[in-house]
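Per-entry structural report
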Amino acid sequence: MVSKFTRAGVALAALAAAAGGAYAEGEWSGNVALTTDYVWRGVSQSNEDFAIQGGFDYSNGMFYAGTWASNVDFGDEPEDANLELDLYGGLAGETESGISWDVGFIYYAYPDTEEADYDFVELQGALGYTFTGGVSVGGAVYWDPDNENIYVEGSAGYSFTDNFSMDATVGNYSFDAGGDYTNWSLGGTYSLPIGIDVDVRYWDTDVDGVGISDERVVLTLAKSL
């Protein structure tokens, strides 16, 4: 069996080849964050507990690639997944009319699980536009070709100042095996003079009777490296 890292590495190598011989001339960046709850699409991935997260990104013209990791807790004994490692890449740019676009993939890997196969890939496409005055809108579609699940999300935001902005999201996750759910969030981000971004965000879903998808407020401290 081809390992999860080999498959993801092949995909990243293919995208890197598309960037051409100027690969070494691109830009690298990093990020680290501490959050009171790792919430993904309205559902806690850390069993409503703290999470430490971080990653690295590379960009060169329209091409980008990166990796990101976080601790997780699915309450899934005996598998007991503790780590999520994402690998991603794609192409992004902006049209002459100011519409931003992004097409790429995300590979979600859980390397410390042995028996259960949690790994999956999503192909994604997104569009966005920022109006004069600081209002921005966007939309994205994520498709899991193996499980044939689809996630659709819309967002809107407003920058009050260079240091403070607010945004809202609404998403729907539909599953090929049956069923779907909707989640939404509202939050604000303030950039401190010391270079730390403070994000306070309200999350909720229309899922009933599942604690990890109940409404919650999440505090995240993040810093670019």
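Analysis parameters
Residues numbered from 1 in each chain as written. Predicted model: local features only at pLDDT ≥ 70, side-chain atom pairs only at ≥ 80, totals over all residues. Heavy atoms only, no water. Helix = DSSP H or I, 4+ residues; strand = E, 2+ residues; numbered from the N terminus. Buried < 20%, exposed > 50% of the residue type's maximum accessible area, 1.4 Å probe, protein only. Contact = heavy atoms within 4.5 Å. Areas by Shrake-Rupley, 256 points an atom, 1.4 Å probe, with all protein chains shown as cover. Salt bridge = Lys/Arg side-chain N within 4 Å of Asp/Glu carboxyl O. Polar contact = N/O pair within 3.5 Å; in protein donor to acceptor, adjacent residues only side chain to side chain. Pairing = 2+ DSSP bridges. Axes fitted to C-alpha atoms, helices over the stretch in contact; angles between N-to-C directions. Core = buried A, V, L, I, M, F, W, Y, C linked by side-chain atoms within 4.5 Å.

1. A few points about the overall build of the protein chain
- For the protein chain, the count of helices and strands is one helix and 14 strands.
- By the burial criterion, 35% of the 225 residues in the protein chain qualify as buried.
- Taking all contacts inside the protein chain whose residues are at least 6 apart in sequence as the whole, residues at least 24 apart take part in 42%.
- As presented, the protein chain carries roughly 12,500 Å² of accessible surface, and 60% of it is formed by carbon and sulfur atoms.

2. Thoughts on the pattern of salt bridges
- Tallied over the entire structure, the rule returns five salt bridges.
- Put simply, Asp37 and Arg216 hold a salt bridge, and the shortest N to O gap is 2.8 Å. Note that Asp37 is positioned in the loop between strand 1 (27–35) and strand 2 (39–40) and Arg216 in strand 14 (residues 216–224), a separation of 179 residues in sequence. Here the two residues Asp37 and Arg216 agree in accessibility, since each one is buried.

3. Details of the side chain of Thr182
- Relative to the elements of secondary structure, Thr182 occurs in strand 12 (residues 180–191).
- At 3.1 Å, the side chain of Thr182 and the side chain of Asn172 are in polar contact.

4. Quick notes on the sheet that holds strand 4 (residues 51–60)
- Spatial ordering of the closed barrel is given by 1-4-5-6-7-8-9-10-11-12-13-14, a layout of twelve strands whose pairing is antiparallel. Mean inter-strand twist for the sheet, computed between neighbouring axes without regard to direction, equals 20°.
- For strand 4 and strand 5 (residues 63–71), the ladder comprises eight bridges, and the chain directions are antiparallel. Directly across from Ser59, in strand 5, lies its bridge partner Tyr64.

5. Remarks on the nonpolar core
- Of all hydrophobic cores here, the largest spans 17 residues; its most connected members are Tyr38, Tyr88, Ile106, Tyr108 and Tyr142.
- Elements with a contribution of two residues or more to this core: strand 5, strand 7 (99–109) and strand 9 (135–144).

6. Here's the deal with the pairing of strand 11 (residues 164–174)
- By the bridge criterion, ten bridges tie strand 10 (residues 149–159) to strand 11 in an arrangement that is antiparallel. Its bridge partner lying in strand 11, Tyr151 is registered against Tyr173.
- In this antiparallel pair of consecutive strands, strand 10 and strand 11, the connection spans four residues.
- Inspection of the sheet shows strand 11 paired to strand 12 by eleven bridges, in the antiparallel sense. Its bridge partner lying in strand 12, Ser165 is registered against Thr189.

7. Quick notes on the side chain of Asn60
- By secondary structure assignment, the location of Asn60 is in strand 4.
- One polar contact links Asn60 to Tyr58, side chain to side chain, over a distance of 3.0 Å.

8. A short note on unusual backbone geometry
- Of note in this structure, Arg41 is not a glycine but carries a positive phi near 55°.
- Structurally, Arg41 can be placed in the loop between strand 2 and strand 3 (43–44).
- Its identity as a non-glycine residue notwithstanding, Glu148 has a phi of 60°, on the positive side.
- Position of Glu148 relative to the elements: it lies in the loop between strand 9 and strand 10.

9. Comments concerning the environment of Tyr107
- Structurally, Tyr107 is set in strand 7.
- Linking Tyr107 and Val121, residues 14 residues apart in sequence, is a C-alpha distance of 4.5 Å.

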